[in-house]
Amino acid sequence: MLKKGSKLNSILTGTCPKCQKESMYEDKNPLHLAKVLKMNENCSHCGLHYQIEPSFFYGAMYVSYGLNVAVGVAAFIISFVFVGSSLKTAFISIIVALIISFPFVLRLARNIYINMFVSYDPEATLKK
């Protein structure tokens, strides 16, 4: 399922979508909030420039919106339907879930967005 070459591998691991050999981020841990959006300029293995065009990752905001809606709906259903909490408590659980998942959703949205435009190339190497 997560074998090299699949989009899912690149999305979940945050590796270069072209060669999948290097992390796109300077710090792999999304919980270091000061560095959550710090990305390398290029892949050191294949040379892919991550910022494909100016303001490229603004499009990831739309992906992030969809992911946050999914997290909010899931939190509401778990809290209200399965746990049986009140409506007020269910909405508080949505807010808590969104705050906790923020750094993960932020990176996941970027990973999904760049993988929509760049495909895996097993022959990708840096030309010197």
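Residues numbered from 1 in each chain as written. Predicted model: local features only at pLDDT ≥ 70, side-chain atom pairs only at ≥ 80, totals over all residues. Heavy atoms only, no water.

Caption draft 1: Summary view of helix α2 (residues 60–83). Its 24 residues give α2 an end-to-end C-alpha distance of 33 Å, which sits within 8% of 34 Å, the value for a rise of 1.5 Å per residue. Of the residues making up α2, those classed as buried are Ala60, Val63, Ser64, Gly72, Ala75 and Ser79. Buried residues along α2 sit in contact with α3 (87–117). Within two residues after α2, Gly84 carries a phi angle of roughly 80 degrees, on the positive side. (Helix = DSSP H or I, 4+ residues; strand = E, 2+ residues; numbered from the N terminus. Expected span 1.5 Å × (residues − 1). Buried < 20%, exposed > 50% of the residue type's maximum accessible area, 1.4 Å probe, protein only. Contact = heavy atoms within 4.5 Å.)

Caption draft 2: Broad picture of α3. Of all the bends in α3, the greatest, near 60 degrees, is centred on Phe102, and the proline Pro103 appears no more than four residues after it. The secondary structure elements touched by the buried residues of α3 are α1 (7–13) and α2. (Bend = angle between axes of the 7 residues up to and from the residue.)

Caption draft 3: Representation of the state of the cysteines. The final tally for this structure, using the stated rule, is 0 disulfides. Here Cys16 is not disulfide-linked; the sulfur of Cys46 is the nearest cysteine sulfur, at 3.6 Å. On the accessibility criterion, Cys16 (0% relative accessible area) is buried. (Disulfide = S-S within 2.5 Å.)

Caption draft 4: Molecular detail of the packing of α2 against α3. Remark: α2 packs on α3, axes separated minimally by 7 Å, with the N-to-C direction vectors making an angle of 145 degrees. By crossing handedness, the relation of α2 to α3 is classed as right-handed. The residue inventory of the contact of α2 with α3, partitioned by class, reads 19 nonpolar, 7 polar and 1 charged. (Axes fitted to C-alpha atoms, helices over the stretch in contact; angles between N-to-C directions. Left-handed = near helix turned anticlockwise from the far one by under 90°. Nonpolar A, V, L, I, M, F, W, Y, C, P; charged D, E, K, R; others polar.)

Caption draft 5: Spotlight on the environment of Ile114. As for its placement among the helices and strands, Ile114 is situated in helix α3. For Ile114, a relative accessible area of 0% gives the class buried. In this structure the C-alpha to C-alpha distance between Ile114 and Pro17, which are 97 residues apart in sequence, comes to 7.3 Å. When near neighbours in sequence (up to four residues on either side) are disregarded, Ile114 contacts Pro17, Met24, Tyr50, Ile52, Phe56 and Phe57.

Caption draft 6: A look at the side chain of Ser101. Counting through the fold element by element, Ser101 comes out in helix α3. Overall, the relative accessible area of 13% leaves Ser101 in the buried class. A polar atom in the side chain of Ser101 sits 2.9 Å from the backbone oxygen of Ala97. (Polar contact = N/O pair within 3.5 Å; in protein donor to acceptor, adjacent residues only side chain to side chain.)

Caption draft 7: View of the side chain of Glu22. Mapped onto the fold, Glu22 is located in the loop between α1 and α2. Despite its burial, Glu22 pairs with no opposite charge, the nearest such side chain being Lys28 at 9.0 Å. Ignoring any residue separated from it by four or fewer positions in sequence, one finds Glu22 in contact with Gly14, Thr15, Cys16, Asn40, Asn42, Cys43, Ser44, His45 and Tyr50. (Lys, Arg positive; Asp, Glu negative; His and termini not counted. Salt bridge = Lys/Arg side-chain N within 4 Å of Asp/Glu carboxyl O.)

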